[in-house]
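Reading the structure
The primary structure of each chain is shown beneath.
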Amino acid sequence: MSNPVLEALALHKAFRGLVAVDEVSFSVREGTVHALIGPNGAGKTTLFNLVSGLLPVSAGSLRFLGQDITGLAAHARARRGIGRTFQNIRIFASMTVLENVMTGMSRRLRQPWPLVLLRGGAAGREEATAKQRAHHLLDLVGISEQADRPAADLAYGDQRRLEIARALAGEPQLLLLDEPAAGMNPTETAGLMALLQKLRTDGLTILLVEHDMGFVMELSDQITVLNFGRVICEGQPEAVQHDPAVVEAYLGPKVAQRLLAAKAVKNPQACP
Ligand SMILES: Nc1ncnc2c1ncn2[C@@H]1O[C@H](COP(=O)(O)OP(=O)(O)OP(=O)(O)O)[C@@H](O)[C@H]1O
Ligand SMILES: [Mg+2]
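Let us look at the structure shown here. (Residues numbered from 1 in each chain as written. Chains lettered and ligands numbered in written order. Predicted model: local features only at pLDDT ≥ 70, side-chain atom pairs only at ≥ 80, totals over all residues. Heavy atoms only, no water.)

**Things to note about the overall build of the protein chain**
A tally of regular secondary structure across the protein chain gives eleven helices and ten strands. Within the span of the protein chain, comprising 272 residues, buried residues form 50% of the whole. Within the protein chain, residue pairs in contact and separated by at least 24 positions form 64% of the contacts whose partners lie at least 6 positions apart. (Helix = DSSP H or I, 4+ residues; strand = E, 2+ residues; numbered from the N terminus. Buried < 20%, exposed > 50% of the residue type's maximum accessible area, 1.4 Å probe, protein only. Contact = heavy atoms within 4.5 Å.)

Take a look at the structure:
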């Protein structure tokens, strides 16, 4: 089994009275797609915010590549190799698509990216290389022909792909994707699946939050299921998707019992 890239140990996050993430532990192994699923409000995005450093933990710890990162700021985690996209897309609407990708390169550029865009000389050469890389990334996610358009003009699915390109510009070792297939049509979703499979083959580790269960089950190596902030199940797709606790979390106890009685839910021991 490959090494853990990310280890979450008893992570806890409370917003005043509300416990959004409750003693959550899991490990993400190198070169895998690890999905985090659960009904609306289960705590998935909050967990992403804890991992990327956007929110401080209330308790618990995080290790990335064997080192404790619990106290590090978000930019420091990004520099170490944690990239992410957002459930509510965050792009710079008035910049071009290409410029948006270049904003993701700060971690690697010697000059801050706005200077790279403005200066000549060494910065000019750096800019040329950066532009070339940005074009390559846009090509990879399939929107290179839109490079010079304002990002605001992109269709929703393409904005999601732009976010992935920008996250990849930081050369992450772990990529967090919060609902990347949301708003995509079946053709776009298939393209996204192929892209993520390629990234995994190239060695990237991916932590994925996604509501499209067909997508999750086909792509993931491992799945952690959250409900009301707690881990209720973890395993490989085949085991998790038939687990009664998981079915109940999504469909409610009545439907789960009917499915169980009709033997439509197999493998009841999957997640004790
Ligand atoms: N900044 C915040 N302040 C207060 N409560 C919050 C905050 N962020 C999230 N919550 C609450 O924490 C819980 C978990 O929310 P979260 O957004 O993590 O769920 P989620 O699993 O991502 O849901 P969805 O699938 O709908 O995106 C919810 O009850 C939510 O209302
Ligand atoms: Mg969410």
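Read on for the rest.
**Here's the deal with the coordination of the magnesium ion (ligand 2)**
Only T45 (OG1) and Q87 (OE1) from the protein coordinate the magnesium ion (ligand 2), and they sit 2.0 to 2.1 Å from it. Residue T45 is found in helix α1 (residues 44-52), and its partner Q87 is found in the loop between β6 (82-84) and α3 (97-103); the two are separated by 42 residues along the sequence. Classification of Q87 as partly exposed rests on a relative accessible area of 29%. (Donors = N, O, S within 2.8 Å, 3.2 Å for Na, K, Ca; no water.)

**What about helix α10 (residues 244-251)?**
For α10, the complete set of buried residues consists of V246, V247 and A249. Projected down its long axis, α10 shows its buried positions confined to an angular sector of 160°, all on one face. On its buried face, α10 sits against β9 (222-227), β10 (230-235), α9 (237-241) and α11 (253-261). Between the side-chain oxygen at the start of α10 and the backbone nitrogen of A245 there is a gap of 2.9 Å, and the oxygen is on D243. Just downstream of α10, G252 is the residue with a positive phi angle, here 90°. (Arc of directions from axis to C-beta. Polar contact = N/O pair within 3.5 Å; in protein donor to acceptor, adjacent residues only side chain to side chain.)

**Focus on unusual backbone geometry**
Even without a glycine there, the phi angle at E23 is positive, about 55°. For E23, the position within the fold is in strand β2 (residues 18-29). Residue E23 is classed as partly exposed on the basis of its relative accessible area of 46%. Positive phi, normally seen in glycine, also occurs at E171, with a value near 50°. With respect to the secondary-structure elements, E171 resides in the loop between α6 (156-169) and β7 (174-178).

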